[in-house]
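# Analysis of the macromolecular model
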Amino acid sequence: MTPYEEGKKLYENNDFINARLKFEEAINKSYTPNKYHYNMYGWTLRKLDKSQYFLQIISPLLEQEIFNVNDFLNLLVWCQYDVYIKNYNEDCDYDILEKADFILNNCIKNPFVLTTFKVVKVLKKKASINYNKIVELLERIDPMELPSNDEFEYEDGNHNKRETSSKREFYYQNISSAYEKTMQYEKCIKVCEKALVDDIKFHYRNKLWFTARLYYCKCR
């Protein structure tokens, strides 16, 4: 059994520490860089929370055209999400929209949805909210493909138990608000009507907000 085959077996058994060693052995023993070795090595590093390290390793090989970006596309978008999107906050010294572009232009499912929702949350915290950008991002998502029951409980800073919205509720909440703010009233009416008949659990008085927004837009 080759080091690569041993590494794959260890990976399948969730022994990522030893799998990493085997993939490093396979890489070091290869006469020429092998995309399969690096691909499994990257997934293993991601399991070990070392996505940034993999990006540092693979970037020069991609720049020198030793490998093609398409050979690693799924892995690259996930690593980009891990490093630049997942834990982004206002202290980060880079533009999240620039970092998100690679993900949003190269995948259609996750981490596409996770990245979109994170960017929307960041945009909503800005002093001047770019509602047109929020519309642009959310219109690329089909709400029927989003889970309607993935809420989870958490404890806030005051030790009160709270529950998050489902991804589908989050979508309805934010795109309806953005449609209203950008005066796209007919679109807002359709989204609110769809939300109100959907089988979702409402949070933060959203059922009331959808109803109010619906009639406000009908008036407008």
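Check the entry above for the structure.
The following refers to the structure shown. If you're wondering where the values come from, they're calculated on a predicted model, not measured in any experiment. (Residues numbered from 1 in each chain as written. Predicted model: local features only at pLDDT ≥ 70, side-chain atom pairs only at ≥ 80, totals over all residues. Heavy atoms only, no water.)

### Here we look at the overall build of the chain
- Within the chain, the regular secondary structure consists of 11 helices and 2 strands.
- In sequence order, the secondary structure elements of the chain are arranged as α-α-α-α-α-α-α-α-β-β-α-α-α.
- Scaling as 2.2 N^0.38, a compact globule of 220 residues should have a C-alpha radius of gyration of about 17 Å, whereas the chain reaches 22 Å, well beyond that.
- Across its three principal directions, the C-alpha atoms of the chain cover 70 × 35 × 30 Å.
- Counting every position in the chain, which comprises 220 residues, the buried fraction comes to 42%.
- The contacts of the chain with a sequence gap of at least 6 include a subset with a gap of at least 24, amounting to 53%.
- Only carbon and sulfur atoms are counted for the fraction: they give 47% of the accessible area of the chain, which is about 13,400 Å². (Helix = DSSP H or I, 4+ residues; strand = E, 2+ residues; numbered from the N terminus. Rg over C-alpha atoms; globule rule 2.2 N^0.38 Å. Buried < 20%, exposed > 50% of the residue type's maximum accessible area, 1.4 Å probe, protein only. Contact = heavy atoms within 4.5 Å. Areas by Shrake-Rupley, 256 points an atom, 1.4 Å probe, with all protein chains shown as cover.)

### What about the environment of F102?
- Counting through the fold element by element, F102 comes out in helix α6 (residues 96-104).
- For F102 and Y81, which are 21 residues apart along the polypeptide, the C-alpha to C-alpha distance reads 9.6 Å.
- Those residues within four positions of F102 in sequence are excluded, and the remaining contacts are V69, L73, L76, V77 and Q80.

### Structural notes on the side chain of T115
- Relative to the assigned elements, T115 resides in helix α7 (residues 112-124).
- Residues contacting T115, with those up to four places away along its chain left out, are Y81, I85, A100, I103 and L104.

### Considering α7
- Counted at 1.5 Å a residue, the expected span for α7 with its 13 residues is 18 Å, and the 18 Å between its end C-alpha atoms agrees.
- For α7, the complete set of buried residues consists of F112, V113, T115, T116, F117, V119, V120, V122 and L123.
- Here the buried face of α7 lies against α5 (73-85), α6, α8 (131-138) and α9 (167-181). (Expected span 1.5 Å × (residues − 1).)

### Side note on unusual backbone geometry
- The omega torsion across N110 and P111 is 10°, close enough to zero to call that bond cis.
- Here P111 is to be found in the loop between α6 and α7.
- Positive phi is not limited to glycine here, since N14 has a value of about 65°.
- Among the secondary structure elements, N14 is positioned in the loop between α1 (3-12) and α2 (16-29).
- Positive phi, normally seen in glycine, also occurs at D49, with a value near 60°.
- Within the secondary structure, D49 is located in the loop between α3 (35-47) and α4 (51-63).
- Since its relative accessible area comes to 73%, D49 is described here as exposed.

### Description of the packing of α2 against α3
- Where α2 contacts α3, the two axes come as close as 9 Å, and the packing angle between them is 155°. For the element pair α2 / α3, the angle class is roughly antiparallel. Handedness of the crossing formed by α2 with α3: left-handed. Within the contact between the two elements, α2 uses F16, A19, R20, F23, E24, A26 and I27 and α3 uses H37, Y38, M40, Y41, T44, L45 and K47.
- Residue classes in the contact of α2 with α3 are distributed as 9 nonpolar, 2 polar and 3 charged. (Axes fitted to C-alpha atoms, helices over the stretch in contact; angles between N-to-C directions. Parallel < 35°, antiparallel > 145°, perpendicular 65-115°, else oblique. Left-handed = near helix turned anticlockwise from the far one by under 90°. Nonpolar A, V, L, I, M, F, W, Y, C, P; charged D, E, K, R; others polar.)

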